[in-house]
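# Structure at a glance
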Amino acid sequence: MSWLSNVVRPKLREWVGAGSRSVPDNLWEKCPACEQMIFHRELESRLRVCPHCDHHLRLGVDARLGMIFDDAAFETVALPKAPVDPLKFRDVRKYPDRLKEAQTRTGRSEALIIANGQIGALPAVAVALNFDFMGGSMGVAVGESFLAAARLAIEKDATFIVFCASGGARMQEGILSLMQMARTTIAVQLVREAGLPYLAILTDPTTGGVSASFAMLGDVTIAEPGAVIGFAGARVIEQTIRESLPAGFQKAEYLLEHGMVDLIVHRSAMREALVRLNTLLRRPRLEPIFASANEPDGEELPEVPDDGLRGERGSEAPPALHAHPQPVGEDRVVE
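Residues numbered from 1 in each chain as written. Predicted model: local features only at pLDDT ≥ 70, side-chain atom pairs only at ≥ 80, totals over all residues. Heavy atoms only, no water.

### Describing unusual backbone geometry
For the bond from Asp 204 to Pro 205, the omega torsion is -10°, close enough to zero to count as cis. Examined against the element boundaries, Pro 205 turns out to sit in strand 7 (residues 198-206). The phi dihedral of Leu 47 falls on the positive side, at around 55°, and the residue is not glycine. Positive phi outside glycine occurs at Asp 71, with the angle close to 55°. Structurally, Asp 71 can be placed in the loop between helix 3 (61-66) and strand 3 (74-76). (Helix = DSSP H or I, 4+ residues; strand = E, 2+ residues; numbered from the N terminus.)

As structure tokens, then:
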């Protein structure tokens, strides 16, 4: 970055007037994949997808929720109260101090947000894990909030959607954090028993206890391109089995090839894909598609178009879910 600090920034200061205004340090961001410098406005306008190599950088929870709901309109729901520091944990710093720092930095009370709105004019409740808040780790508060979101979806007869971005269970809460794996699994089961769809979107990274619980239980499991998805880290696995792992191991494309996820969806196509899935999966709960010829008003319901999402694996994808230029097996990658 020497050319930026030594050439570009001094020139900008000279143009705007020396000493009168300072040039912000966050105008440019380096892509971690291709290492190209990207102007921050261009990056935000592309939903933090690199214009040079198409690498998906991590996206904030507010932007992520705004891009999927109709007209970017949604209501956040207050999180239920949960015990703070139940184990009185302390490492180099006290656990409450770490919590306060994360809350101050993110402006959020916990590593999870619950949003309520409509997707494709149909009700939806979405949960997004905030990786900026202690790595999106799952503790008692996250487990309790996830259960509350599932109950809200049932109450509103809404599709339940979760965006996963987590390093796993929160170590500062020990066994209590691991118990949330079972509680979130129960929450998903409650949604299923209510006959409602559950969609899981795996973003970078989805690891640890989150990947071993609700992240992999979706009726349809979607991943973003290049997302790291797994339980233990690749280095830990290699050291344990004393073997080299295959190229691309734990990447979304590898998981798609091995049947662990159903679709890879480009961030720019995520909303359209969710609209189609929400419409398709909610059809059995909507008004009957076909009208009898003996209907009193004599009107026929319009024919429902085939959206291309039904059928066997490898069937033709709908316009919004077109095949990737480099197909992996018989699965579909969405852009």
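### A look at the pairing of strand 5 (residues 122-129)
Strand 5 sits mainly inside the fold: seven of its eight residues count as buried. Sheet topology places strand 4 (residues 112-119) next to strand 5; eight bridges connect them, and they run antiparallel. For Ile 113, the partnering residue across the bridge sits in strand 5 and is Ala 128. Of the strand pairs in this sheet, strand 5 and strand 6 (residues 159-166) are connected by five bridges, and their pairing is parallel. Bridged to Val 127 within strand 6 is Val 162. Crossover connection from strand 5 via helix 5 (residues 140-155) to parallel strand 6: handedness right-handed. (Buried < 20%, exposed > 50% of the residue type's maximum accessible area, 1.4 Å probe, protein only. Pairing = 2+ DSSP bridges. Right-handed = clockwise from strand over helix to strand, strands pointing away.)

### Some details on the nonpolar core
Judged by nonpolar contacts, the single largest core of 41 residues is most densely connected at Val 125, Val 127, Phe 146, Phe 160, Val 162, Tyr 198 and Phe 214. Contributing elements (two or more residues each) for this core: helix 4 (95-106), strand 4, strand 5, helix 5, strand 6, helix 6 (174-193), strand 7 and helix 9 (252-257). Considering each element in turn, this core owes the most residues, seven residues, to helix 5. Setting aside residues no more than four positions away along its own chain, Phe 214 makes contact with Leu 129, Met 138, Phe 146, Val 162, Cys 164, Thr 184, Val 188, Tyr 198 and Ala 200. Membership of the second largest hydrophobic core comes to 25 residues, among which are Leu 65, Ile 161, Leu 263 and Ala 269. (Core = buried A, V, L, I, M, F, W, Y, C linked by side-chain atoms within 4.5 Å. Contact = heavy atoms within 4.5 Å.)

### Some remarks on the state of the cysteines
Taken as a whole and assessed by the stated rule, the structure comprises zero disulfides. Cys 53 provides the cysteine sulfur closest to Cys 50, a residue in no disulfide bond, and the two sulfurs are 3.7 Å apart. Not engaged in a disulfide, the cysteine Cys 53 finds its nearest cysteine sulfur in Cys 31; these two sulfurs lie 3.6 Å apart. (Disulfide = S-S within 2.5 Å.)

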